[in-house]
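Chain by chain, the residues run as shown.
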Amino acid sequence: MQQLRTLARLADTVAVELEKRILEGSLKPGDLLPSERELALELGVSRPSLREAIQKLVSKGLLTTRHGHGTRVTDRLEAHFVDPWQDMLKGHPMLHRDLLEFRQMLEGQSAYLAAERALDVDIQRLDAVYAKLDKAFDSDDVQACIGLDVEFHQAIAEAAHNVLIGHLTASLMRVIHGHVSTNLEQLHSQSMRWSQLKVQHRAIWQAIRDHQPEAADRAARHHIEFVRQSMDDNAREESRRSSALRRLGEPAA
């Protein structure tokens, strides 16, 4: 009986440790856990204790296990936020402005906290992502820019060392991924605005690595305001183009 209680306590401890890794983002949705032998060795517990801990998290919906395919982290912490909002955005375009307003608030605070709390390892990661993003800005690979833009903002969110900010940012970027892609593709065709976008990312990066919270907050908020204004301008231009084509009796593309 005592042995069973000890096993249960160990399993609880391991479950808490794995939950912590999921919350902090070191284990992300879709990640495959190391093999049972490797993970048990790393955590310093028996394989039966590890199995019980994994089952606890499977029952919570945080992990999923398939025979022959290992154990993976689910997207439960994000899916309940992402799925309904993606559907709502399709039917209610006016929500895009509200989302950008929320993103401006969230990313301003993320940048502020990252500048205040980022450790050397966070700065190293941010430096590496920024270097790739800056290089992508100078190329014609817009798809690379889109992916690296998301990675850059997520690195900032995680450098803020606030679990909710990290997960909310990841969820929000999934919700507006299509919108971000369209906007960057449009900006890429406008050399002056594309250059401004590059400068804005550099300003955010520089303020964070220099540990200047107020400057980081301002730079992040200015960046989102620029995105909002660009989207408004593009929408107005498209509306005028459609009107002009209708006057000519041509279909609007």
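Residues numbered from 1 in each chain as written. Predicted model: local features only at pLDDT ≥ 70, side-chain atom pairs only at ≥ 80, totals over all residues. Heavy atoms only, no water.

## With respect to the pattern of salt bridges
The tally for this structure, following the rule as stated, stands at 16 salt bridges. One salt bridge connects Lys 198 with Asp 134, and the closest N-O pair in it is separated by 3.9 Å. Placement of the pair is Lys 198 in helix α10 (residues 191–209) and Asp 134 in helix α6 (residues 120–137), with a sequence separation of 64 residues. Overall, Lys 198 belongs to the partly exposed group, its relative accessible area being 23%. By relative accessible area, which is 21% here, Asp 134 ends up partly exposed. Within this structure, Glu 17, Arg 21 and Glu 42 form a network of salt bridges that share partners. (Salt bridge = Lys/Arg side-chain N within 4 Å of Asp/Glu carboxyl O. Helix = DSSP H or I, 4+ residues; strand = E, 2+ residues; numbered from the N terminus. Buried < 20%, exposed > 50% of the residue type's maximum accessible area, 1.4 Å probe, protein only.)

## A few points about the confidence of the model for the protein
Per-residue confidence for the protein gives a mean pLDDT of 85; residues scoring 70 or more make up 89%. Across the protein, the secondary-structure element scoring lowest on mean pLDDT is helix α4 (residues 76–91), at 68, and the one scoring highest is α6, at 96. (pLDDT = per-residue confidence, 0-100.)

## Things to note about helix α8 (residues 163–175)
For α8, built from 13 residues, the straight-helix expectation of 18 Å at 1.5 Å per residue is met to within 8% by its first-to-last C-alpha distance of 19 Å. All of the buried residues along α8 are Ile 165, Gly 166, His 167, Thr 169, Ala 170, Ser 171, Leu 172, Met 173 and Val 175. Put simply, Asn 162 is the residue that caps the front of α8, since its side-chain oxygen is 3.1 Å from the backbone nitrogen of Leu 164. (Expected span 1.5 Å × (residues − 1). Polar contact = N/O pair within 3.5 Å; in protein donor to acceptor, adjacent residues only side chain to side chain.)

## Things to note about unusual backbone geometry
Glycine aside, a negative phi is what most residues show, and trans is what most peptide bonds show. The phi dihedral of His 161 falls on the positive side, at around 55°, and the residue is not glycine. What makes His 161 partly exposed here is its relative accessible area of 43%. One non-glycine residue with positive phi stands out, namely His 211, at about 55°. Along the chain, the position of His 211 falls in the loop between α10 and α11 (213–247). Overall, His 211 belongs to the partly exposed group, its relative accessible area being 39%.

## Describing a nonpolar patch on the surface
A cluster of nonpolar side chains, namely Leu 23, Leu 77 and Val 163, defines an oily patch on the protein surface of about 230 Å² accessible area. Note on placement: Leu 23 falls in helix α1 (residues 2–24). (Patch = residues over 30% accessible without salt bridge, like charges linked within 9 Å, V, L, I, M, F, W, Y side chains within 5 Å. Areas by Shrake-Rupley, 256 points an atom, 1.4 Å probe, with all protein chains shown as cover.)

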